[in-house]
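# Geometric and topological summary
If you want the building blocks of each chain, they are given just below.
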Number of protein chains: 2
Amino acid sequence: MAKSSITINDIARELKVAPSTVSRALNNSNKISNATKRKIVEKAEELGYNLNMVAASLSRSQTNTIGVVIPYLNNYFYSQVVNGIEELAFNKGYRILIAQTRDSFARETEIMRTMSATRVDGIIACLSADTQSTEHLFKLIKNNIPLVLFDRVSFDFPCKKVTIDNYNAMQQSVTHLARSGYKSIAHLGGPTTCNIYTEHSKAFRETLKKEKLPLIPQFHLSSDLTEEDISEAMQIWFSLKTKPDAIITASSTAALLVSKFAREQNLSIPDDLALISLTSEPALCYVEPQITSIELPGTEIGKTTLEFLLNEIQNGAQNANTTIKPFQLIIRNSSFRNS
Amino acid sequence: MAKSSITINDIARELKVAPSTVSRALNNSNKISNATKRKIVEKAEELGYNLNMVAASLSRSQTNTIGVVIPYLNNYFYSQVVNGIEELAFNKGYRILIAQTRDSFARETEIMRTMSATRVDGIIACLSADTQSTEHLFKLIKNNIPLVLFDRVSFDFPCKKVTIDNYNAMQQSVTHLARSGYKSIAHLGGPTTCNIYTEHSKAFRETLKKEKLPLIPQFHLSSDLTEEDISEAMQIWFSLKTKPDAIITASSTAALLVSKFAREQNLSIPDDLALISLTSEPALCYVEPQITSIELPGTEIGKTTLEFLLNEIQNGAQNANTTIKPFQLIIRNSSFRNS
DNA sequence: ATGAAAGCGCTAACAT
DNA sequence: ATGTTAGCGCTTTCAT
């Protein structure tokens, strides 16, 4: 931090006014004459004055900084959300501090600690996959730092949340496949430590039953969805006597991998195998056939989340309700037979 | 920022020691006895003390925060770079403040201003496409804020830079296509206000000449590479008598769009048309055929950039040299005929 | 090894 | 409308 930079005291001295007057002028206070305000603003310009936000933050007990905590930055959905947050934050005069948990609970805890120390005005977070406890979140509340969760949320933690109806997303997917005549539907799900994936699982089971389709246990997988996980699952499934004729993946990367696997094995999508991704990314439309998916309003989720947070920052803690954002099942060519 | 939180003064009072002693204990100073240190650390724990970094920053004239300025967050390469920065920063006890220029010079200027105000310890930036002047960068230097540039850099600005050899990337691409028998090579380039794209352009022209291939003016395009730009170029090119038989795109999204266009027009890649992308993203391997591309070490670039910056933060301004990172031309199935 | 005191640059209550 | 003063919470000389 530049040591020898110009301060309001320098300006005050040069103009023979009080530092507080300079502060007022620079903050556009109404308790100051236009004449001196102009004089001060000009002098500030002339000297190349640049506000020291650190000092202002300490004095005001407010940093105008929002902490954003996500599993990975390098992920289409999260980067969309951050994009929405950043855009709105920039317009509202807030800065954003970003940290990745890399799906580690330990890291998440540490991040919350340092963000508390940094005195961010509030935190927006999508919990890591292996977050089991909410102690670190309660500490935020104790430190008076508002928190809004999105996507992967913890329902037993009292704060505002923004999610989508994951149950419904899976339900619509299964129903669509069933109506299209697919019979052995498989699911490559995420880790069940996450609300999202348990909702998917529940919906998967219940909707299959409702559609009078069999729930074949080994077709209902839960994993971290790494490339190895997917590849292993494919190897096993397609060496069985009864192979799946449709797959629903929790991540778009998984869907793309399945699509690649199918091509390599000369399995025709959608004739031999239907494919639906419960998350979306542009690449789904670049492959052939294009992959049916659930489209989530990432940017919109980011904006809403920040709006809620700013509201809490300004007006104190609000009711801990959950906002459900709409999604769309976009049917592309991977999930219905042309015949 | 939590008003009523525990301060070192509270701890000092409870333990009847001086605040400075508490500070020493908590900062692991060696000028303190182990006995009192333990006592203080325990009490701090007990009271739930959480350091106020804002106060510490003001006092130390150092924020332990790095500003990261990129065109877009939602881009594979940049998010890889940020990923590298974030990882190393986290380990070194630094936080990162991220802002997107959205390729607007005005925004970039504004961002540099607010980051100066925030007193970040240093800035890592990839300049926006329409950055013409470097006045805003000189202001950083004047404010004693070290700057390291990567990818899109400004060669007439004196600071450390980390890039790749864009000329060579294009050269290798053209040569590869020429050796594979392609004759009418086209280039979908980026805006020539950027060093990267002017280097591509130069190499494109010169390598074609070296390979004794024609440089057809309308096959050498420079644009913002939006979906419309690409689509328009395709429409025009493929309605000509002499169509291109190979396309080199500056962005991976452009390559994916070309690949999609080819499929829709029943142009076979690589038989009718070869395709090379000068940037990479995973999706290039999910489409059929997989697309040949230049692979950039994003995470590595991020790490190196931060290393340079931290070095300047600790040891003052260094020589303004440019570090060239290696890239790889990964030849996939889109760029050579099987016959 | 510990304490006292000054100061980082700004804001805000109070006074005039 | 402007000045005076007292912090914000911490670090860091300088004493002891």
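Residues numbered from 1 in each chain as written. Chains lettered and ligands numbered in written order. Predicted model: local features only at pLDDT ≥ 70, side-chain atom pairs only at ≥ 80, totals over all residues. Heavy atoms only, no water.

## Considerations on the sheet that holds strand β6 (residues 185-189) of chain A
Residue and element names in this part refer to chain A. Read from one edge of the open sheet, 6 strands run β7-β6-β8-β9-β10-β12, paired in mixed fashion. Across the chains shown, the open sheet's two edge strands, defined by having one partner strand only, are β7 (220-222) and β12 (328-330). Recorded for the sheet is a direction-independent mean angle of 15° between the axes of neighbouring strands. Pairing analysis gives 3 bridges linking strand β10 (residues 292-295) to β12, with the strands arranged antiparallel. The residue of β12 that forms the bridge with isoleucine 294 is leucine 329. Packed onto the sheet, helix α9 (residues 195-210) meets β6 and β7 and runs at close to 175° relative to β6. (Pairing = 2+ DSSP bridges. Helix = DSSP H or I, 4+ residues; strand = E, 2+ residues; numbered from the N terminus. Axes fitted to C-alpha atoms, helices over the stretch in contact; angles between N-to-C directions. Contact = heavy atoms within 4.5 Å.)

## Considering the protein's contact with DNA strand C
Around DNA strand C, a shell composed of 27 residues is seen, among which Ser23, Tyr49 and Ser59 of chain A together with Thr21 and Arg24 of chain B lie nearest. At 3.0 Å from a phosphate oxygen of DNA strand C is found a main-chain nitrogen or oxygen belonging to serine 33 of chain B. In the environment of DNA strand C, a phosphate oxygen lies 2.6 Å from a nitrogen or oxygen atom belonging to the side chain of threonine 36 of chain B. At the level of secondary structure, the elements contributing two or more residues to the surface near DNA strand C comprise α2 (19-26) and α4 (53-60) of chain A together with α2 (19-26) and α4 (53-60) of chain B. (Near = heavy atom within 4 Å. Polar contact = N/O pair within 3.5 Å; in protein donor to acceptor, adjacent residues only side chain to side chain.)

## Points about the relation of the copies chain B and chain A
Taken as rigid bodies, chain B and chain A are interconverted by a rotation of 180° and an axial shift of 0.0 Å, the fit giving an RMSD of 0.1 Å. Viewed as a symmetry operation, the transformation between the two copies matches a two-fold axis. Of all interface residues in chain B, 100% are interface residues in chain A too; the two copies therefore contact each other through one and the same surface. (Least-squares fit on C-alpha atoms with pLDDT ≥ 70 in both.)

## Focus: the packing of helix α10 (residues 227-237) of chain A against helix α11 (residues 252-264) of chain A
Residues and elements named next belong to chain A. Following both chains from N to C, one finds α10 and α11 inclined at 40°, their axes separated by 10 Å at the closest point. One way to sum up the angle between α10 and α11 is to call them oblique. The crossing of α10 and α11 is right-handed. Counting all contacts with α10, which are made through Glu227, Ile230, Met234 and Gln235, the residues of α11 involved are Ala254, Leu257, Val258 and Phe261. Of the residues belonging to the contact of α10 with α11, the class tally is 6 nonpolar, 1 polar and 1 charged. (Parallel < 35°, antiparallel > 145°, perpendicular 65-115°, else oblique. Left-handed = near helix turned anticlockwise from the far one by under 90°. Nonpolar A, V, L, I, M, F, W, Y, C, P; charged D, E, K, R; others polar.)

## Looking at the side chain of serine 184 of chain B
Residue placement: serine 184 of chain B occurs in the loop between α8 (166-179) and β6 (185-189). In this view, serine 184 of chain B contacts Ile216, Phe219, Lys243, Pro244, Asp245 and Ala246 of chain B; residues no more than four positions away in its chain are not counted.

## Some words on the domain arrangement of chain A
Residue and element names in this part refer to chain A. Entries for chain A in the domain assignment read domain 1 (65-164 + 297-325) and domain 2 (166-296 + 329-335). Computed from C-alpha coordinates alone, the two centres of domain 1 and domain 2 are separated by 29 Å. In this complex, domain 1 contributes 12 residues to the contact, which on the side of domain 2 involves 14 residues. Taken together, the two surfaces of domain 1 and domain 2 that pack against each other cover about 1100 Å², and 61% of this comes from carbon and sulfur. Along the contact surface separating domain 1 from domain 2 lie 0 salt bridges. (Domains from an automatic or database assignment. Buried area = accessible area lost by both parts, 1.4 Å probe. Salt bridge = Lys/Arg side-chain N within 4 Å of Asp/Glu carboxyl O.)

## Digging into the interface of chain B and chain A
Listed as interface residues are 57 residues of chain B and, on the opposing side, 57 residues of chain A. Here chain B and chain A share 8 salt bridges between them. Across the pair arginine 263 of chain B and glutamate 288 of chain A runs a salt bridge whose closest N-O atoms are separated by 3.6 Å. Across the contact surface, chain B and chain A share 30 residue pairs in polar contact (both at pLDDT 80 or more). Those elements that provide at least two residues to the side of chain B that touches chain A are α4, α5 (76-91), β2 (95-100), α6 (105-117) and α11 (252-264) of chain B. Of the residues forming the side of chain B that touches chain A, the biggest block, 8 residues, is contributed by α5 of chain B. Classifying every residue of the side of chain B that touches chain A gives 23 nonpolar, 21 polar and 13 charged.

## Points about the pattern of salt bridges
If you walk through the whole model with that rule in mind, you get 26 salt bridges over all chains. Taking the shortest distance from any N to any O, the salt bridge between arginine 102 of chain A and glutamate 86 of chain B comes out at 3.4 Å. Highlighted residues: arginine 102 of chain A in the loop between β2 (95-100) and α6 (105-118) and glutamate 86 of chain B in helix α5, drawn from two different chains. A single burial state applies to arginine 102 of chain A and to glutamate 86 of chain B, both of which are buried. For lysine 43 of chain B, the salt bridge is made with glutamate 14 of chain B, and the minimal N-O distance between the two is 3.2 Å. With lysine 43 of chain B in helix α3 (residues 34-47) and glutamate 14 of chain B in helix α1 (residues 8-15), this pair connects stretches of sequence that are 29 residues apart. What emerges from the salt-bridge pattern is a single network uniting Glu86 and Glu87 of chain A together with Arg102 and Arg107 of chain B. (Buried < 20%, exposed > 50% of the residue type's maximum accessible area, 1.4 Å probe, protein only.)

## Considering the pairing of strand β9 (residues 274-277) of chain B
Residues and elements named next belong to chain B. Here β9 shows a buried face lined by Ala274 and Ile276 and a second buried face lined by Leu275 and Ser277. Here strand β8 (residues 246-249) runs beside β9; their pairing, made up of 4 bridges, is parallel. In the sheet register, alanine 246 faces β9, and the bridge partner there is alanine 274. In this fold, β8 hands off to α11, which returns the chain to β9; that crossover is right-handed. (Right-handed = clockwise from strand over helix to strand, strands pointing away.)

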